[in-house]
Amino acid sequence: MPLLTQQIQDEDDQYSLVASLDNVRNLSTILKAIHFREHATCFATKNGIKVTVENAKCVQANAFIQAGIFQEFKVQEESVTFRINLTVLLDCLSIFGSSPMPGTLTALRMCYQGYGYPLMLFLEEGGVVTVCKINTQEPEETLDFDFCSTNVINKIILQSEGLREAFSELDMTSEVLQITMSPDKPYFRLSTFGNAGSSHLDYPKDSDLMEAFHCNQTQVNRYKISLLKPSTKALVLSCKVSIRTDNRGFLSLQYMIRNEDGQICFVEYYCCPDEEVPESES
Amino acid sequence: MRFRAKIVDGACLNHFTRISNMIAKLAKTCTLRISPDKLNFILCDKLANGGVSMWCELEQENFFNEFQMEGVSAENNEIYLELTSENLSRALKTAQNARALKIKLTNKHFPCLTVSVELLSMSSSSRIVTHDIPIKVIPRKLWKDLQEPVVPDPDVSIYLPVLKTMKSVVEKMKNISNHLVIEANLDGELNLKIETELVCVTTHFKDLGNPPLASESTHQDRNVEHMAEVHIDIRKLLQFLAGQQVNPTKALCKDVGRSWSADCDTHDQLARDMAEEAAQNIPGDQERCLQAACCLSFGGELSVSTDKSWGLHLCSCSPPGGGLWVGKALGKEAWPP
């Protein structure tokens, strides 16, 4: 082995996580999709990195960046976990600007030595190098929503464009977003109850936007609109979205996001229902 | 006290508008100094507070087709005015594609700088838009505070990287920290550093090149890799960078033998021509400016010189044909703050 490679090898051995990426935007865009709180917890295994953000113990967003997205990806331990300030991480990742000049890519090398050590980022664009040392924090326990595919009652896969407008124009004076999923009419309905009155948006079952429709039972659930609104960030980036509810009324939104190199990544939102829907209104 | 001036040439008008825009971005109020052969825009924030100061010089004959002035007295043939910089830039907004621009000193109940713009119209009669900008005449006893700053010999002077990259990096750093450390050496290396409890970020630029130093001898025994550093307020630096009219090309002039020649790092023919022309036109007095600023750069390119006792000086020179010299000093912050 040539001496230089040997040296790099030795250096790499001291890190429990090493990941390199030719285009940093493949990572930063996905992370932006879950950036609705300051802090995030990162879990790395040999399969890739999962970044989790939570709010109010009611909503959780997970971004999955699988190992294949990276040009180099090494995890020395079974799993590596740390908590990090996501705002700072994103500022560092986009230090050379979030909309790069055409033809220039920012390359990234990310290293983490282990518990108590900072996360090191080496970014390079056009011969200019930025080194970031972000202090990591004690990982916090994340929520387990116990959302199991066997308990899923209703499932709809939509092309994201169908939901994009609806979500960006949600009546924010309404406290809740009510989602109705049913094998019969109205099939899939989004309702808000705001100061200016109620609004209902129905999606017919045979719409072109509807990729899959598997509803077994009528379910009407309400979710805090303030908790769901941040998912718009992921929606905007995604091409398809899968909407599922389980027997407890928990909501899962899975967004399929295609990055600049055509690879697919997933971002997932879980949200617990707001309250029991009063009989009279359902 | 009398002053009237007229610009007819479109390019000059454009250049003048750009300068006023730049100044409006830098500060709310500025001082305009009018003397028989020069116009100066002066900003004088107190350096002790880490403020931005600026000395911008326009050779009147490079801009104006007519220029008449009469100062306060024969021996002090100058006028100093204070004006709101945005008012001027707003008044000049209408001057795009104008046929002519007239500026004069008037007294309409209160002292004004009257900017009248002659616009083209479809019919033969032209339209004239007039702006009266209220001003304050600065009395003689305060002139001494508004003299050309002395730029001391720098420890290090270096060309800045592509402005867009630099701006983007500094902008992101501003989100994280209020203070920035700039380091540079005579080997063409420049580092931007921030350090907080959460994160340390360092951006390394290399191969930037150093302008020829004015006093070569004092630096001969210096280690070229030695980093000179200065601590500054990020917002002030950003304010300064934002004021620059971004020009993505880079052109350097190098001292070859006894004459100046152009060495362009650009494929843009226009920039190349400008550089060639600039190199030929550098007269003796221009050299004084350049030496004082310790940089020769134009077309939006900047130079930083760092000096321990004075803080950071950022200077940019536009093509000498344009007759503009902007030198800015950002005061050094007391460190730790």
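Rules of the game
For every chain, the first residue of the written sequence is number 1, and numbering continues from 1 onward in sequence order. Chain labels run from A onward and ligand labels from 1 onward, assigned in the order the entries are written. Thresholds applied to this predicted model are a pLDDT of at least 70 for local features of residues and 80 or more for the giving and counting of side-chain atom pairs; totals over whole chains, interfaces and linings are not thresholded and use all residues. Side-chain numbers come from the whole structure's heavy atoms, not from hydrogens or water. A fitted line through C-alpha atoms serves as each axis, taken over the contacting stretch for helices, and the angle formed by two N-to-C directions is quoted from 0 to 180°. Runs of E in the DSSP output that reach at least two residues are strands. Runs of H or I that reach at least four are helices, and both are numbered from the N terminus. For a crossing to be left-handed, the near helix must be turned anticlockwise from the far one by less than a right angle; the clockwise case is right-handed. Any two residues whose heavy atoms approach within 4.5 Å are treated as being in contact. Ten residue types, Ala, Val, Leu, Ile, Met, Phe, Trp, Tyr, Cys and Pro, are classed as nonpolar, four, Asp, Glu, Lys and Arg, as charged, and the remainder, Gly among them, as polar. Domain start and stop points were drawn from an automatic or database domain assignment. Put simply, buried area is the surface a 1.4 Å probe can reach on two separate parts but cannot reach once they are joined, added for both. Salt bridges are identified by distance alone: a Lys or Arg side-chain nitrogen within 4 Å of an Asp or Glu carboxyl oxygen. The classification of residues rests on relative accessible area computed with a 1.4 Å probe and restricted to protein chains. Under 20% of the type maximum is buried, over 50% is exposed, and intermediate values are partly exposed. Definition of a polar contact: a pair of N or O atoms within 3.5 Å, with one able to donate and the other able to accept a hydrogen when the atoms are protein atoms, and with sequence-neighbouring residues admitted only if both atoms are side-chain atoms.

Caption draft 1: Structural view of the packing of helix α1 (residues 10-26) of chain B against helix α3 (residues 85-93) of chain B. Residues and elements named next belong to chain B. At their nearest, the axes of α1 and α3 sit 8 Å apart, and the two run at 145 degrees to each other. As α1 packs across α3, the resulting crossing turns out to be left-handed. On α3, the residues touching F16, T17, S20, N21, I23 and A24 of α1 are S85, E86, L88, S89 and L92. Across the contact of α1 with α3, the residue classes tally to 5 nonpolar, 5 polar and 1 charged.

Caption draft 2: Examining the domain arrangement of chain A more closely. All names here are of chain A. Its domain assignment divides chain A into domain 1 (8-135) and domain 2 (150-269). On a C-alpha basis, the centroid separation for the pair domain 1 and domain 2 is 29 Å. At the junction of the two partners, domain 1 supplies 22 residues and domain 2 supplies 16 residues. With both chains or domains summed, domain 1 and domain 2 bury close to 1,600 Å², and 55% of this area falls on carbon and sulfur atoms.

Caption draft 3: View of the pattern of salt bridges. Residues and elements named next belong to chain A. Summed over all chains, the structure comprises 17 salt bridges over all chains. Note that E140 and R83 form a salt bridge whose closest N and O atoms lie 3.8 Å from each other. Taken together, the positions of E140 in the loop between β9 (128-134) and β10 (152-159) and R83 in strand β6 (residues 80-85) put the pair 57 residues apart, joining distant regions of the chain. Given a relative accessible area of 18%, R83 falls into the buried group. The salt bridge partner of K224 is D274, with a shortest N-O separation of 2.8 Å. Here D274 lies in the segment after β18 (264-271) and K224 lies in strand β15 (residues 219-224), a separation of 50 residues in the sequence. Look at D274 and you get partly exposed, because its relative accessible area is 23%. Where salt bridges share partners, they join E72, K74 and R109 into one cluster.

Caption draft 4: Structural detail: the interface of chain B and chain A. Contacts between the two partners involve 18 residues from chain B, matched on the other side by 21 residues from chain A. Across the chain B/chain A interface, buried area totals approximately 1,600 Å², and carbon plus sulfur atoms make up 57% of it. Of all residues in chain B, K172(B), L198(B) and H204(B) give up the largest surface area on contact with chain A, accounting jointly for 33% of the area buried on that side. Remark: the boundary between chain B and chain A carries 12 residue pairs in polar contact (both at pLDDT 80 or more). Contributions of two or more residues to the side of chain B that touches chain A are made by α4 (163-176) and β14 (199-205) of chain B. Looking at which element gives the most residues to the side of chain B that touches chain A, the answer is α4(B), with 8 residues. Per-class residue counts for the side of chain B that touches chain A are 8 nonpolar, 6 polar and 4 charged.

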